[in-house]
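# Understanding the architecture of this molecule
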Amino acid sequence: MKHILSEKAGSVTELTISSPPANALSRAILEELSEILDNLENDPAVKVIVLKGEGRFFSAGADIKEFTSLQEEADYTSLAKYGQQLFDRMEAFPVPIIAVIHGAALGGGLELAMACHIRLVSDEAKLGLPELTIGIIPGFAGTQRLPGYVGRAKAYEMILTGEPISGKDAAKLGLANQSYPEADLFQQAERLAGKIAEKSGPTVHRVMQLLPYAKSSQFKEGIDAEAKAFGEIFGNNDASEGITAFIEKRKPSFQDK
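Just so you know, these numbers come straight off a predicted model, no measurement behind them.

What follows deals with the packing of helix 5 (residues 142-150) against helix 6 (residues 152-161). At their nearest, the axes of helix 5 and helix 6 sit 7 Å apart, and the two run at 130° to each other. Between helix 5 and helix 6, the crossing angle belongs to the class labelled oblique. Helix 6 is crossed by helix 5, and the crossing has right-handed handedness. Along its contact with helix 5, which presents Gly142, Thr143, Leu146, Pro147 and Val150, the element helix 6 presents Arg152, Lys154, Ala155, Met158 and Ile159. A class-by-class count of the residues in the contact of helix 5 with helix 6 yields 6 nonpolar, 2 polar and 2 charged.

On to the environment of Phe87. With respect to the element layout, Phe87 can be found in helix 3 (residues 73-91). Residue classification places Phe87 among the buried positions, given a relative accessible area of 0%. Sequence-wise, Phe87 and Gly109 are 22 residues apart; in three dimensions their C-alpha atoms are separated by 11 Å.

One open sheet accounts for 3 strands, arranged 5-7-8; its pairing is mixed. Two strands in the sheet have a free side with no partner beyond their single neighbour: strand 5 (104-106) and strand 8 (165-166). When strand 7 (residues 126-128) meets strand 8, the two strands line up antiparallel, connected through 2 bridges. Paired with Lys126 across the strands is Ser166, a residue of strand 8.

Quick look at the packing of aromatic side chains now. A full pass over the atoms with the stated rule returns 6 aromatic pairs. Centroid distance Phe67 to Phe234: 5.3 Å. Interplanar angle 75°. Geometry classified as edge-to-face. Here Phe67, found in helix 2 (residues 64-67), pairs with Phe234, found in the loop between helix 10 (219-233) and helix 11 (237-247); they are 167 residues apart in sequence, far enough to count as distant. Across the pair, exposure class does not vary: Phe67 and Phe234 are buried alike. With 5.6 Å between their ring centres and 85° between their planes, Phe87 and Phe140 make a pair best called edge-to-face. With a gap of 53 residues between them, Phe87 in helix 3 and Phe140 in the loop between strand 7 and helix 5 connect regions that are remote in the sequence. The two residues Phe87 and Phe140 agree in class, both being buried. Pairwise contacts between aromatic rings join Phe67, Tyr76, Phe230 and Phe234 into one cluster. When the ring centre of Phe186 is taken as reference, the NZ or CZ atom of Lys52 above it lies at 5.2 Å. Here Lys215 stacks its cationic end above the ring of Phe219, 4.2 Å away from the centre of that ring.

Reading the values: the criteria
Position labels on residues start from 1 in each chain and follow its written sequence. Residues qualify for local features only when their pLDDT is at least 70, as the model is predicted, and side-chain atom pairs are given and counted only at 80 or more; totals for whole chains, interfaces and linings, by contrast, use all residues. The basis for every side-chain value is the complete set of non-hydrogen atoms in the structure, without hydrogens or water. To get an axis, fit a line to the C-alpha atoms, keeping to the stretch in contact for a helix; angles then go from 0 to 180 degrees between the N-to-C directions. By the criteria applied, helices consist of DSSP H or I runs no shorter than four residues and strands consist of E runs no shorter than two, each listed in order from the N terminus. Note that the term roughly parallel is reserved for angles under 35 degrees, roughly antiparallel for angles over 145, roughly perpendicular for angles of 65 to 115, and oblique for everything else. Crossing handedness is read from the near helix: turned anticlockwise from the far helix by less than a right angle, it gives a left-handed crossing, and turned clockwise, a right-handed one. Residue contacts are counted whenever heavy atoms from the two residues lie within 4.5 Å of one another. Under the convention adopted here, Pro, Cys and the residues Ala, Val, Leu, Ile, Met, Phe, Trp and Tyr are nonpolar, Asp, Glu, Lys and Arg are charged, and Gly plus all remaining residues are polar. Burial classes follow relative accessibility: with a 1.4 Å probe on protein chains only, a residue under 20% of its type's maximum area counts as buried, one over 50% as exposed, and anything between as partly exposed. Only strands that DSSP links by at least two bridges are regarded as paired with each other. Only rings of Phe, Tyr and Trp enter the pairing, Trp through its six-membered ring, and a pair is recorded when the two centres are within 6.5 Å. The plane angle decides the type: under 30 degrees is stacked, over 60 is edge-to-face, the rest tilted. Our definition puts a charge over a ring when NZ of Lys or CZ of Arg is within 6 Å of the ring centre and also within 35 degrees of the ring normal.

What follows is the structure, given as structure tokens:
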């Protein structure tokens with residue numbers, strides 16, 4: 001694998017996103033993750049998966065530069081659906097996945113983390129969906145998962161302003177299970193993974209089958225609408241301006257069309 005490192009220690013498999021400088025989620029990374037999940041799903045010895053990022057961030061977002069290579073509305077909708085399907089698969093995966101977030105989990109990075117079953121964060125990490133600041137919208141089910149963790153009112157605020165929250169606040173709101181000083185974060189993640197790995201495999205797998213029943217029946221309808229809107233937005237002038245401004249490291253000048 002080029003962008004995701006995999007290391008197994010007993011019943012725990014650690015996956016590390018390695019795509020400096022920001023661990024931005026390209027289609028290639030999503031495809032690698034899907035292939036890794038194929039392998040892990042068929043390994044009865046794996047009881048826990050720990051997902052983290054290498055370097056400064058967990059993942060600072062989707063690969064915005066890759067968006068410029070897409071041409072048609074259908075291409076953007078297809079990309080959104082691919083990410084949604086992968087993250088939905090993660091949420092229903094028979095092995096618990098722990099996201100260990102340091103630095104930042106923004107945009108697609110937070111959408112990836114929200115598809116995991118447990119999230120541990122560093123106190124000062126930044127978590128958010130800043131897509132509207134560059135004229136686009138979340139596309140990997142962010143509009144559907146975030147309200148379930150922080151409530152609808154806070155989700156409106158976070159998405160509409162694009163402003164991130166700290167790891168400490170994420171834990172208070174329920175977006176993260178716990179927050180820790182960054183120096184302690186990865187050790188605490190190993191400790192939690194070890195506690196789960198001590199349990200009987202059949203009991204772990206049965207719990208992983210049962211909890212997804214709590215998901216709203218409207219979720220599928222919601223992500224379909226999000227993927228369609230994601231594709232439509234990229235036909236707007238503001239989306240083009242926002243992405244160009246992001247790449248040029250300047251503030252966008254939106255014309256509201």
